[in-house]
Amino acid sequence: MKVLVANRGEIACRVLRALREMGLPSVAVVAAGEEDEPHADLASEIVMVPGPEAYLDPAAMVAAARRSGAQAVHPGYGFLSQSAAFARACRDAGIVFIGPPPEAMAALGDKRAARRTAEGLGIPVLPGAREVDAPAAAEQAAARVGYPVLLKAAGGGGGRGMRRVERADEMPEAFESARREAAAAFGDDRLLLEKYLSPARHVEVQILADGREAVAVGERECSLQRRYQKVIEEAPCAALSERARQEMFEAAVKLARAVGYRSAGTVEFLVGSDGRAWFLEVNTRLQVEHPVTELVTGIDLVRAQIELAQGARLPSPAAPRGHAIEARLNAEDPYRGFLPQTGKILGLHFPHRPGLRVDAGIREGSRVGTRYDPLLAKLVAWGKDRETARRRLIEALRETVLLGVVTNLSFLLSVLESDVFVRGETFTTTLEAAAWPEPPVPPEAAEAARRVLAAPSGEAGGGPSDLHSPWATMGPFRVGS
């Protein structure tokens with residue numbers, strides 16, 4: 001089975017490596033100007049698309065699959081991964097979509113529909129309203145459940161189209177702002193409303209399903225978020241009663257069975273200070289943070305997705321072993337409002353050590369722009385216990401060198417070394433409630449910057465074979481130490 005990977009960057013590399021291990025021929029999608037990107041090198045062949053907009057165009061991706069002779073499509077995450085229309089277009093074209101059926105995607109991927117399904121199954125959902133199509137309806141619902149409340153886009157995720165509303169007089173502006181952003185991001189301005197729960201932990205359950213049965217493959221804690229964007233994730237959850245864990249597992253499996261779900265998916269919950277879990281939503285795709293589950297369970301989730309699409313039986317998940325923590329390395333300046341950063345990657349070094357996994361889609365010479373998500377790489381550490389994994393990840397980040405583009409590396413170190421993270425007291429408000437001051441620039445980094453500015457070309461680097469690179473005389477140094 002030849003598989004087209006309808007994505008780019010880190011997740012395309014991840015899926016393409018799985019296909020190589022399985023001995024399956026693969027096709028990378030390459031937009032103009034991306035011919036030298038790492039995902040193009042990992043595929044058996046490439047297929048060109050006119051431009052970056054093709055990643056969001058179901059017809060363009062189906063056409064690319066047909067041109068390449070691919071029999072299946074893996075969507076990765078983001079872009080078209082949760083598009084029921086894309087899954088349906090693949091099926092209509094006789095192409096296997098490595099993901100859930102479009103009907104299951106529509107039933108669970110849409111937040112209004114998922115909430116309705118959960119309510120029908122008796123799964124606890126936060127007080128709120130599924131349909132708020134005008135400010136007045138939102139105000140009535142908020143008055144009923146009590147402020148603060150959260151407005152959420154029904155057809156999207158990732159924090160887009162989401163607003164917290166503290167008081168009634170804030171509602172009209174928040175409603176219009178959320179609706180505009182939802183329409184721009186997802187082409188769908190429908191909203192729903194939920195009671196804002198705080199303090200709370202964000203805990204999600206990984207599921208696998210074959211269209212009839214489903215299994216829960218452990219949980220992840222993803223409470224450390226900024227503007228509803230996850231920053232650090234771990235598995236298992238450091239503070240979860242066995243009763244709450246089993247209740248979430250049972251609810252997740254019940255949802256998957258109810259809609260005939262097939263493939264991998266994630267059911268998300270909020271866990272309040274009383275330990276009670278509330279259903280939030282379902283992500284009908286692979287998650288960015290899936291490696292932490294893979295490291296503690298030994299299950300290759302991408303391989304499982306492909307095998308389930310081929311009709312394989314469900315794997316039997318073993319009890320989690322040890323602890324895993326993932327940090328997202330982003331091209332953004334955490335000390336200037338997390339402003340996205342651009343530029344050419346002039347130097348790049350990731351450490352190699354037992355218990356460490358690096359998923360990346362960049363190399364020296366790669367150009368980082370603002371068109372795509374700022375995620376550059378994920379560093380994931382495993383240990384026999386949480387503290388071992390934490391120490392291992394800190395040391396790995398200290399050994400990581402990425403020059404030419406500002407990243408959030410120092411911020412990640414500050415969070416991992418903070419007392420609240422050490423104690424496992426992480427909630428959805430933890431990052432935004434605290435100040436994270438900018439650390440001083442290490443003298444080695446200042447010297448490196450001075451050499452770059454003094455270089456005749458004005459641009460250093462060029463790869464490890466560049467003997468004239470100013471970095472060659474620096475030796476290893478630590479960024480963010």
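Structure's up top.
Values in this document were obtained by computation on a predicted structure and should not be read as measured data.

A word on the sheet that holds strand β4 (residues 72-74)
Here is step 1 of the chain: Reading across from one edge, β3-β2-β1-β4-β5 is the order of the five strands in this open sheet, with parallel pairing throughout. Taken across any chain shown, the strands that pair with only one partner, and hence form the sheet edges, are β3 (45-49) and β5 (96-97).
Here is step 2 of the chain: In terms of strand pairing, strand β1 (residues 3-5) meets β4 through three bridges, oriented parallel. Note on β4: the bridge partner recorded for V5 is H74.
Here is step 3 of the chain: Running at roughly 140° to β3, helix α3 (residues 58-68) makes contact with β1, β2 (26-31), β3 and β4 of the sheet.

Here's the deal with the nonpolar core
Here is step 1 of the chain: In this structure, I232, L393, L397 and L416 are the most contacted members of the largest nonpolar core, which totals 34 residues.
Here is step 2 of the chain: At the level of elements, β12 (229-235), β15 (323-330), β20 (356-360), β22 (375-383), α12 (386-399) and α13 (409-417) are the ones that each hand at least two residues to this core.
Here is step 3 of the chain: For this core, the leading source of residues is α13, giving six residues.
Here is step 4 of the chain: Discounting residues that sit within four places of it in the chain, L416 has contacts with I232, I325, R390, L393, I394, L397, F421 and V422.
Here is step 5 of the chain: In this structure, M22, A43, L308 and L375 belong to the second largest nonpolar core, which totals 31 residues.

As for the pattern of salt bridges
Here is step 1 of the chain: The final tally for this structure, using the stated rule, is 46 salt bridges.
Here is step 2 of the chain: R220 serves as the salt-bridge partner of E204, at 2.8 Å between the closest nitrogen and oxygen. Remark: R220 occurs in strand β11 (residues 214-226) and E204 occurs in strand β10 (residues 200-210); sequence separation between them is 16 residues.
Here is step 3 of the chain: Given a relative accessible area of 0%, E204 falls into the buried group.

Quick word on the packing of helix α5 (residues 102-109) against helix α6 (residues 111-120)
Here is step 1 of the chain: One can describe the packing of α5 onto α6 by two numbers: an axis separation of 5 Å at closest approach and a directional angle of 85°. By the criterion of interaxial angle, the relationship of α5 to α6 is roughly perpendicular. Contact residues: A106, A107, L108 and G109 in α5; K111, A113, A114 and T117 in α6.
Here is step 2 of the chain: Its residues placed into classes, the contact of α5 with α6 shows five nonpolar, two polar and one charged.

Description of the side chain of S68
Here is step 1 of the chain: With respect to the helices and strands, the residue S68 is situated in helix α3.
Here is step 2 of the chain: At 3.0 Å, the side chain of S68 and the backbone oxygen of A65 are in polar contact.
Here is step 3 of the chain: Other than its neighbours up to four places away in sequence, S68 contacts K2, L4, V27, E45 and V47.

So, unusual backbone geometry
Here is step 1 of the chain: Residue P148 follows Y147 across a cis peptide bond; omega there is 0°.
Here is step 2 of the chain: On the secondary structure map, P148 appears in the loop between α7 (135-145) and β7 (149-153).
Here is step 3 of the chain: Following S198, the chain continues to P199 via a peptide bond in cis, the omega torsion being 0°.
Here is step 4 of the chain: Within the secondary structure, P199 sits in the loop between β9 (191-195) and β10.
Here is step 5 of the chain: Of note in this structure, S263 is not a glycine but carries a positive phi near 100°.
Here is step 6 of the chain: Assignment of secondary structure puts S263 in strand β13 (residues 262-272).
Here is step 7 of the chain: One non-glycine residue, F338, adopts positive backbone phi at about 55°.

Examining the sheet that holds β9
Here is step 1 of the chain: Ordered in space as β6-β9-β7-β8, the four strands form an open sheet in which the pairing is antiparallel. Edge strands, defined here as strands with exactly one partner in the open sheet, are β6 (128-129) and β8 (163-165).
Here is step 2 of the chain: In terms of strand pairing, β7 meets β9 through five bridges, oriented antiparallel. Bridge pairing links K152 to L192 in β9.
Here is step 3 of the chain: The sheet contacts of α6 involve β6, β7 and β9, and relative to β9 the element is tilted by about 50°.

Conventions adopted
Residues numbered from 1 in each chain as written. Predicted model: local features only at pLDDT ≥ 70, side-chain atom pairs only at ≥ 80, totals over all residues. Heavy atoms only, no water. Pairing = 2+ DSSP bridges. Helix = DSSP H or I, 4+ residues; strand = E, 2+ residues; numbered from the N terminus. Contact = heavy atoms within 4.5 Å. Axes fitted to C-alpha atoms, helices over the stretch in contact; angles between N-to-C directions. Core = buried A, V, L, I, M, F, W, Y, C linked by side-chain atoms within 4.5 Å. Buried < 20%, exposed > 50% of the residue type's maximum accessible area, 1.4 Å probe, protein only. Salt bridge = Lys/Arg side-chain N within 4 Å of Asp/Glu carboxyl O. Parallel < 35°, antiparallel > 145°, perpendicular 65-115°, else oblique. Nonpolar A, V, L, I, M, F, W, Y, C, P; charged D, E, K, R; others polar. Polar contact = N/O pair within 3.5 Å; in protein donor to acceptor, adjacent residues only side chain to side chain.

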